[in-house]
Amino acid sequence: MSIRFDGKVAIVTGAGGGLGRSHALELARRGAKVVVNDLGGDRTGAGGSSEAAKKVVEEIKALGGEAIANGSSVTDDEGVANMVKQTMDQWGRIDILINNAGILRDKSFSKMEIQDFQLVVDVHLMGTVKPTKAVWEIMKAQNYGRIVVTASSTGLYGNFGQTNYGAAKLAVVGFINTLKLEGQKNNIHCNALAPVAYTRMTSDLMPPEAEQMLTPDSVSPGVMFLVSEQAPTGMILCAGAGVFAAARMEESEGVFLGREGLTAEKVAENWGKITDFSNATPYFMGGEQTGKFLKLATGGK
């Protein structure tokens with residue numbers, strides 16, 4: 001199987017460096033026309049310049065590919081609209097959106113200012129929602145689309161000092177859990193990436209030796225599959241140092257404790273059974289979960 005993107009148009013946010021740059025270059029190598037979006041600020045979100053995006057565009061052109069730079073903020077409605085208009089004016093379609101832009105403002109929850117929490121959630125969550133919303137109707141009309149959101153192990157499992165980042169990163173998983181259902185009939189596949197990479201954003205959070213192993217280009221091959229014609233939908237792909245794994249949410253089989261005389265003590269007494277994951281089921285959705293609970297409550301009828 002050969003994965004190619006000839007004739008496809010891709011937008012990659014936060015593509016001026018690190019993971020986004022790696023994704024953009026690999027898309028171009030495989031034939032995609034690429035919009036390299038980057039605000040050009042530092043990792044806290046301060047400042048702004050289009051120079052980083054322009055350099056990646058030059059790299060793509062040197063490879064013989066087609067690319068344009070865009071310096072819009074993913075949190076700015078007008079900027080996002082302009083980015084999509086620029087893309088459509090240039091190439092007339094949008095097939096792939098990789099939501100990669102992000103910032104960090106790490107502190108323990110005790111020391112974190114609420115504005116630092118709000119800004120990180122705005123960039124990672126709303127900065128994913130706004131570009132996705134802007135391309136959604138285009139992809140529906142094409143009856144084709146591939147969307148990747150960037151989650152994190154912090155969102156899935158937690159990490160000290162990153163309550164803001166973790167909340168936003170798990171939120172984008174919740175976003176695609178529903179989006180995959182709404183996009184199914186229009187061949188729009190939505191997946192999440194949880195990467196581990198040594199980049200400008202993470203360099204002082206990792207030991208120096210990690211730079212040689214946790215390279216961005218050891219993550220991008222997984223992303224290429226997630227935005228390919230053969231892509232799954234609704235998956236969470238963990239990737240780093242050439243290692244790939246799938247993550248999922250699970251729900252235990254559950255125990256019916258009755259509705260009469262139900263007490264907190266009964267819950268405590270049965271906690272071992274409630275938390276027994278030996279027969280766990282992944283990916284329960286709203287309607288299916290309701291059906292499961294009713295089935296348990298009626299003795300399987």
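Up top is the structure these notes are about.
Overview of the structure. (Residues numbered from 1 in each chain as written. Predicted model: local features only at pLDDT ≥ 70, side-chain atom pairs only at ≥ 80, totals over all residues. Heavy atoms only, no water.)

### A few points about the overall build of the protein
Heads up, the rule is: Strands are runs of DSSP state E lasting at least two residues, helices are runs of H or I lasting at least four, and both sets are numbered from the N terminus onward. Partly exposed describes any residue whose relative accessible area lies between the buried limit of under 20% and the exposed limit of over 50%, with all areas from a 1.4 Å probe on protein chains only and scaled to the type maximum. What makes two residues a contact is simply this: any of their non-hydrogen atoms within 4.5 Å. Method for areas: the Shrake-Rupley scheme with a 1.4 Å probe, in which residue coverage is limited to the protein chains shown.
For the protein, the count of helices and strands is 11 helices and 10 strands. Counting only residues that meet the buried cut, the protein has 46% of its 301 residues in that class. Taking as baseline every contact in the protein between residues at least 6 positions apart, the subset at least 24 positions apart corresponds to 71%. Carbon and sulfur atoms make up 54% of the accessible area of the protein, which totals about 15,000 Å².

### Notes on the environment of N279
Mapped onto the fold, N279 is located in the loop between α10 (271-274) and β10 (281-282). A relative accessible area of 47% means that N279 is categorised as partly exposed. Separated by 27 residues in the primary sequence, N279 and S252 place their C-alpha atoms 6.5 Å from one another.

### So, the packing of helix α4 (residues 114-142) against helix α6 (residues 163-183)
In plain terms, the rule: Here, axes are lines fitted to C-alpha atoms. For helices the fit covers the stretch in contact, and angles between N-to-C directions go from 0 to 180 degrees. Any angle between 65 and 115 degrees counts as roughly perpendicular, while under 35 counts as roughly parallel, over 145 as roughly antiparallel, and the rest as oblique. Working rule for handedness: look at the near helix, and if it is turned counterclockwise from the far one by less than a right angle, call the crossing left-handed; if clockwise, right-handed. Under the convention adopted here, Pro, Cys and the residues Ala, Val, Leu, Ile, Met, Phe, Trp and Tyr are nonpolar, Asp, Glu, Lys and Arg are charged, and Gly plus all remaining residues are polar.
Running from N to C, α4 and α6 cross one another at 20°; their axes reach a closest spacing of 8 Å. Regarding the angle of α4 to α6, the classification is roughly parallel. In this structure, α4 crosses over α6, and the sense of that crossing is right-handed. Residues D116, F117, V120, V121, H124, L125, T128, V129, T132 and W136 of α4 touch α6, and the partners they reach there are T163, N164, Y165, A167, A168, K169, A171, V172, F175, L179, E182 and G183. Class assignment for the residues of the contact of α4 with α6 results in 13 nonpolar, six polar and three charged.

### Here's the deal with unusual backbone geometry
For N187, which is not a glycine, the phi torsion comes out positive at approximately 60°. If you trace the backbone, N187 turns up in the loop between α6 and β6 (188-195). Taking relative accessible area as the criterion, N187 reaches 27% and is therefore assigned partly exposed. The phi torsion at A241 lies on the positive side, around 60°, for a residue other than glycine. When its relative accessible area of 32% is taken as the criterion, A241 is described as partly exposed.

### Digging into the pattern of salt bridges
Selection criterion: One speaks of a salt bridge when a side-chain nitrogen belonging to Lys or Arg is within 4 Å of a carboxyl oxygen belonging to Asp or Glu.
As enumerated under the stated definition, the model contains 10 salt bridges in all. In this structure, the salt-bridge partner of D6 is R4, at a minimum N-O distance of 2.9 Å. A relative accessible area of 47% means that D6 is categorised as partly exposed. Classification of R4 as partly exposed rests on a relative accessible area of 41%. The salt bridge partner of E26 is R30, with a shortest N-O separation of 2.8 Å. The class of E26 is buried, set by a relative accessible area of 17%. We classify R30 as partly exposed; its relative accessible area is 27%.

### Looking at the sheet that holds strand β8 (residues 243-247)
Pairing between sheet strands relies on hydrogen bonds along the backbone, with the strands arranged either parallel or antiparallel. Heads up, the rule is: Two strands are counted as paired when DSSP detects at least two bridges linking them.
One open sheet holds the eight strands; their spatial order is β3-β2-β1-β4-β5-β6-β7-β8, and the pairing between them is mixed. The open sheet is flanked by β3 (67-70) and β8, the only strands paired with a single partner. With strand direction ignored, the average angle separating the axes of adjacent strands in the sheet is 20°. One ladder, built from five bridges, connects strand β7 (residues 236-240) with β8; its direction is antiparallel. Directly across from C238, in β8, lies its bridge partner A245. Lying over the sheet, helix α2 (residues 51-62) contacts β2 (33-37) and β3, oriented at roughly 180° with respect to β3. Running over the sheet, helix α3 (residues 77-91) touches β1 (9-12), β2 and β3 and is turned about 160° from β3.

### Describing helix α1 (residues 18-29)
We apply this condition: A helix is expected to span 1.5 Å multiplied by its residue count minus one.
Here α1 is 12 residues long and its end C-alpha atoms lie 17 Å apart, about the 16 Å a rise of 1.5 Å per residue gives. Most of α1 is tucked away: nine of the 12 residues are buried. At its buried positions, α1 is contacted by β1, β2, α2, β4 (96-99), β6 and α8 (220-226). Note on α1: the residue one or two positions beyond its end, G31, has a positive phi of about 105°.

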